[in-house]
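Spelled out from the first residue to the last, the chains are:
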There are 2 protein chains.
Amino acid sequence: MDAEEFRRRGKEMVDLVADYLENIEDRPVYPDVEPGYLRSLIPTEAPQDPENYEDIIKDVERVIMPGITHWHSPNFFAYFPTASSYPAMLADMLCGAIGCIGFSWAASPACTELETVMLDWLGKMLQLPECFLAGTHGQGGGVIQGTASEATLMSLLAARCKAVRRIQATNSDMSEMEILSKLVAYTSDQAHSSVERAALIGGVKMKKVPTDEHYAVRKDMFMKMVEEDKADGLLPFYFCATLGTTPSCAFDKTEELGPLCNEENMWMHIDAAYAGSAFICPEFRPLLNGVEFADSFNFNPHKWLLINFDCSAMWVKKRADLIGAFKMDPLYLKHENQESGLVTDYRHWQIPLGRRFRSLKMWFVFRMYGLNGLQAYIRKGSNELNQNLLKRITQCREIHLVPCQLSGRFVLRFAICARKIESHHVQKAWQHITQLTFELLQEPEH
Amino acid sequence: MDAEEFRRRGKEMVDLVADYLENIEDRPVYPDVEPGYLRSLIPTEAPQDPENYEDIIKDVERVIMPGITHWHSPNFFAYFPTASSYPAMLADMLCGAIGCIGFSWAASPACTELETVMLDWLGKMLQLPECFLAGTHGQGGGVIQGTASEATLMSLLAARCKAVRRIQATNSDMSEMEILSKLVAYTSDQAHSSVERAALIGGVKMKKVPTDEHYAVRKDMFMKMVEEDKADGLLPFYFCATLGTTPSCAFDKTEELGPLCNEENMWMHIDAAYAGSAFICPEFRPLLNGVEFADSFNFNPHKWLLINFDCSAMWVKKRADLIGAFKMDPLYLKHENQESGLVTDYRHWQIPLGRRFRSLKMWFVFRMYGLNGLQAYIRKGSNELNQNLLKRITQCREIHLVPCQLSGRFVLRFAICARKIESHHVQKAWQHITQLTFELLQEPEH
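Residues numbered from 1 in each chain as written. Chains lettered and ligands numbered in written order. Predicted model: local features only at pLDDT ≥ 70, side-chain atom pairs only at ≥ 80, totals over all residues. Heavy atoms only, no water.

Draft legend 1. Molecular detail of a nonpolar patch on the surface. Residues F414(A), I416(A) and I421(A) make up a contiguous nonpolar surface patch of about 250 Å² in total accessible area. Its place among the elements puts I421(A) in the loop between strand 9 (409-413) and helix 13 (423-442). (Patch = residues over 30% accessible without salt bridge, like charges linked within 9 Å, V, L, I, M, F, W, Y side chains within 5 Å. Areas by Shrake-Rupley, 256 points an atom, 1.4 Å probe, with all protein chains shown as cover. Salt bridge = Lys/Arg side-chain N within 4 Å of Asp/Glu carboxyl O. Helix = DSSP H or I, 4+ residues; strand = E, 2+ residues; numbered from the N terminus.)

Pasting the structure below:
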């Protein structure tokens, strides 16, 4: 395929993509296929000679589409949202064409530098403490990881390395293996499975902290566990807090837990993979309070911030902690600017060596939406739903409410007004509201 | 940006991509920028309101291009090749539109199943032993990792887990931590830095085996190290062989080393990240001999097989070894077909949870090139160069050679013919040939 054919086929593909996304609602959201369906639909070996492009495109509909779970269908409510926007797709086309492997500054300066600046932009949107930003000439900075799993793993490995060094500095008789065998990490019993997996990979114990009635980790319970473990000779070194748990979107009490972690020399990582995008709205930002005590923070713009997978944003307070854990510099990856202190070589910040130019899609999306557009997108669901709910309530005429606006959110006010009101009136009203909400959420457009 | 605007902008982007790649040779291959150049070219914060798409595209040339190292420029000889082809880019556009996160079979059956079948196709192209293929109802199979670093890490972690279980089964008095502290992994002193890094992440010792005069690991030296370590009470459990080292494309002697690893219950992983693509040509396939002794094998189609980054192909002889190392099944990731034994949930095969539909680009490339086209691409460099070299030799008229064809390769024959020939004639001829080769390789089109 030469450039001329690519121009033609590329434009056809753009239409195919737009057609697919415009008409996605007409497709069954979950495929009706049995395991192994695909193997019988295509040959058992690659063709010897080139095939026609038309045949391949026909096979997309014949072979691929019947087996697709349509994550961008409005009928898809499984797992978690995954972001998708046209500007991000355009940026990804450009990323594919440039095709640089940005493991170091020299491997493509623009790839590294745009990433650093985009993580600063995003950090400012979240009102992260300045110490997490790179542009303030501090010790912190941001990086794009592929997934939250990798961000958690990197934070745990950095914490492990830092703990070993710190403990060895004051206990020179302890071997590294002895320290490793006594290290203990903690996370909520509601945390995502990838957190436990990070500890398995890193070869350290991890304990699950029981949560309160709101599925949040609280200080008292956590402190009790830490004290008991210390009394047993263990070495607490890491806590992964969750802001927005997978089962119920619960928030650990990081404002209570952070100071404890700091006092105990434990690394606090905050995993806000799903909920984190909401913190760009001032009305949700208080949920991030406590981040000032964290050593690292991560959320996934590829879930809810319109940037196509993969784009998991991670910040650390001290770049050196992350880099120091694994820095390896073979000669073939060295470059002259490396020791100037001015450049970032992102290969030290992540598990893989190679990396794509993922900050392009952040840049396109941030600019095409603006902060206002992104905030409006985050607020869209609840405001629209609340407005529709109020319409139903009004149409039914059983109860009467009026709405209000709070920090850009459409809020339904429920005021206890009548002199003759009893508890059963309130209960009946609440049942009515939840019933109408339930009906509304059943409808295909929500 | 709505679908209509995307149709227009997408087509413009297709032209931009084609223009960029058609004229890439006119751009300086390595950017002339100082560290930090980009930050001053763009605002310090994201815009409040949406910007014009035109302004963003103008900024690609103003902000991004001056800082790009052009990996696809014909003047780029650094690091390693990275694959790029139009069919792969088209497939990536489709991948972006579908935007599924294929961590399990149910998350998008086509995404998982096409990957399994594509890895079988590719395995057959490489003439991998059947035990590595999934379609033969054996215990093996393939997976796409992001990078070779991740493949190496996964193999080391699986080997670590398997070794701990095996040793505990016969030494019930040994704790897991005691075993971990005695495990020792090996690799060549020529191995890529990511191999050593995998051991650092996994928290196990790794020793470098000295290589012979061809930079290859040989059995004798390796066996000596293993015996000494065993005598010291250590537990050898893993060897990472390299086929095609980074500094000199050396090949470890896997046919000698494999049986030793098998006897010693050591996992043998083969890292052929760069050179592996060549094994699809029968004349290079003997270099892969010994793979039958390996537990896992990996190479990067995203380096030399026309499939854009990221696409690192990995096969294991026993899927259970990889899966068993970390299988975690929280309720929200379970699905009804999971226990049928028919489905593959690739999240257990890798470090991240989420994964893109990367097999689409393999499918497009394999079909658009066919095996013949792919083999011709691998052979292209050496055949064309050899033909040009022969032309120069003939034009200079200092010596006289004739070519031949061997298994599809254009070969220069150097026959010792004359009765009166002396050693210095051969030396002079060789000097002449290397001088002309040197001059040829200096020219921009090579």
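Draft legend 2. Fine view of the packing of aromatic side chains. Residues and elements named next belong to chain B. Overall, the coordinates contain 26 aromatic pairs over all chains when judged by the stated rule. Here the aromatic rings of Y186 and F222 are separated by 5.3 Å at their centres, their planes lie at 80 degrees, and the arrangement is edge-to-face. Residue Y186 is located in strand 2 (residues 183-188), and its partner F222 is located in helix 8 (residues 219-231); the two are separated by 36 residues in the primary sequence. Using a relative accessible area of 0% as the deciding quantity, one classes F222 as buried. (Phe/Tyr/Trp six-rings, centres within 6.5 Å; stacked < 30°, edge-to-face > 60°. Buried < 20%, exposed > 50% of the residue type's maximum accessible area, 1.4 Å probe, protein only.)

Draft legend 3. Structural context of the relation of the copies chain A and chain B. Note on the identical chains: chain A maps onto chain B by a rotation of 180 degrees and an axial translation of 0.0 Å, with an RMSD of 0.1 Å. A rotation of that kind, with that shift, is consistent with a two-fold axis. In terms of C-alpha distance to the rotation axis, chain A has K11(A) as its closest residue, with the C-alpha 2.5 Å off the axis. Comparing interface residues between copies, 100% of those in chain A also lie at the interface in chain B; the contact surface is shared. (Least-squares fit on C-alpha atoms with pLDDT ≥ 70 in both. Contact = heavy atoms within 4.5 Å.)

Draft legend 4. Just the environment of W349(B), in detail. Residues and elements named next belong to chain B. Summarising the element assignment, W349 is placed in the loop between helix 11 (319-324) and helix 12 (359-396). In the structure, W349 is positioned 191 residues away from A158 in sequence and 9.6 Å away in space, judged by C-alpha atoms. Residues in contact with W349, not counting those within four places in the same chain, are G141, G142, V143, Q145, M154, V316, R319, L322, I323 and T344.

Draft legend 5. Seen up close, empty space enclosed by the protein. As enumerated under the stated definition, the model contains seven cavities of 30 Å³ or more in all. Each pocket or cavity is described by its volume, and for the largest cavity that value is around 470 Å³. For the largest cavity, the lining is made up of 38 residues, of which D92(A), R356(A), D92(B), M93(B) and R356(B) are closest to its centre. At the level of secondary structure, the elements contributing two or more residues to the lining of the largest cavity comprise helix 1 (3-22) and helix 3 (86-98) of chain A together with helix 1 (3-22) and helix 3 (86-98) of chain B. Taken together, 23 residues make up the lining of the second largest cavity; nearest its centre are E150(A), D310(A), E150(B), D310(B) and R358(B). A class-by-class count of the residues in the lining of the second largest cavity yields four nonpolar, nine polar and 10 charged. (1 Å grid on protein atoms, 1.4 Å probe; cavity = no way out; pocket = protein on both sides within 12 Å on 5 of 7 lines; lining within 4 Å. Points joined across faces, edges and corners; volume = space filled by probe spheres on them. Nonpolar A, V, L, I, M, F, W, Y, C, P; charged D, E, K, R; others polar.)

Draft legend 6. Here's a closer look at the interface of chain A and chain B. Counting from both sides, the interface comprises 137 residues of chain A and, opposite them, 137 residues of chain B. Counting each side, the surface lost to burial between chain A and chain B is near 12,300 Å², with a carbon and sulfur contribution of 67%. Linking chain A to chain B there are 16 salt bridges. For the salt bridge of E51(B) with R367(A), the shortest nitrogen-to-oxygen distance reads 2.8 Å. Where chain A packs against chain B, one counts 56 residue pairs in polar contact (both at pLDDT 80 or more). For the side of chain A that touches chain B, the secondary-structure elements that each account for two or more residues are helix 1, helix 2 (53-64), helix 3, helix 4 (109-125), helix 5 (148-170), helix 6 (176-182), helix 7 (193-202) and helix 12 (359-396) of chain A. If one sorts the elements of the side of chain A that touches chain B by residue count, helix 1 of chain A sits on top with 16 residues. Considered class by class, the residues forming the side of chain A that touches chain B number 80 nonpolar, 31 polar and 26 charged. (Buried area = accessible area lost by both parts, 1.4 Å probe. Polar contact = N/O pair within 3.5 Å; in protein donor to acceptor, adjacent residues only side chain to side chain.)

Draft legend 7. Structural detail: the UniProt feature "modified residue: N6-(pyridoxal phosphate)lysine" (unreviewed entry) in chain A. Residues and elements named next belong to chain A. The sites that carry the UniProt feature "modified residue: N6-(pyridoxal phosphate)lysine" (unreviewed entry) are, in the present numbering, K303. Within the secondary structure, K303 is located in helix 10 (residues 301-304). The class for K303 is buried, based on a relative accessible area of 10%. Those residues within four positions of K303 in sequence are excluded, and the remaining contacts are F80, P81, T82, A83, A273 and Y274. (UniProt positions renumbered as here; feature names shortened; annotations may be inferred.)

Draft legend 8. Geometry of the environment of Q435(A). Residues and elements named next belong to chain A. Relative to the elements of secondary structure, Q435 occurs in helix 13. Overall, the relative accessible area of 41% leaves Q435 in the partly exposed class. At a separation of 2.9 Å, a polar atom in the side chain of Q435 contacts the side chain of E439.

Draft legend 9. Inspection of the side chain of H70(B) at higher detail. Relative to the helices and strands, H70(B) is located in the loop between helix 2 (53-64) and helix 3. Here Y20(B) takes part through its side chain, which lies 2.7 Å from a polar atom of the side chain of H70(B).

Draft legend 10. Representation of the state of the cysteines within the structure. All names here are of chain A. Under the definition given, this model contains zero disulfides over all chains. The thiol sulfur of C261 is not disulfide-bonded, and the nearest other cysteine sulfur, from C240, lies at 10 Å. Overall, C261 belongs to the buried group, its relative accessible area being 0%. (Disulfide = S-S within 2.5 Å.)

Draft legend 11. The sheet that holds strand 4 (residues 235-242) of chain A, seen in detail. All names here are of chain A. Pairing in this open sheet of seven strands is mixed, and the strands run 1-7-6-5-4-2-3 from one edge to the other. Looking at strand neighbours, the two that pair on one side only are strand 1 (141-145) and strand 3 (205-209), the edges of this open sheet. In this sheet, adjacent strand axes meet at a mean angle of 20 degrees when their direction is disregarded. Bridge count for strand 2 (residues 183-188) against strand 3 is five bridges, and the pairing is parallel. The residue bridging Y186 from the neighbouring strand is K207, located in strand 3. Helix 5 contacts strand 1, strand 2, strand 3, strand 4, strand 5 (267-271), strand 6 (296-299) and strand 7 (312-316) of the sheet and is inclined by roughly 155 degrees relative to strand 4. (Pairing = 2+ DSSP bridges. Axes fitted to C-alpha atoms, helices over the stretch in contact; angles between N-to-C directions.)

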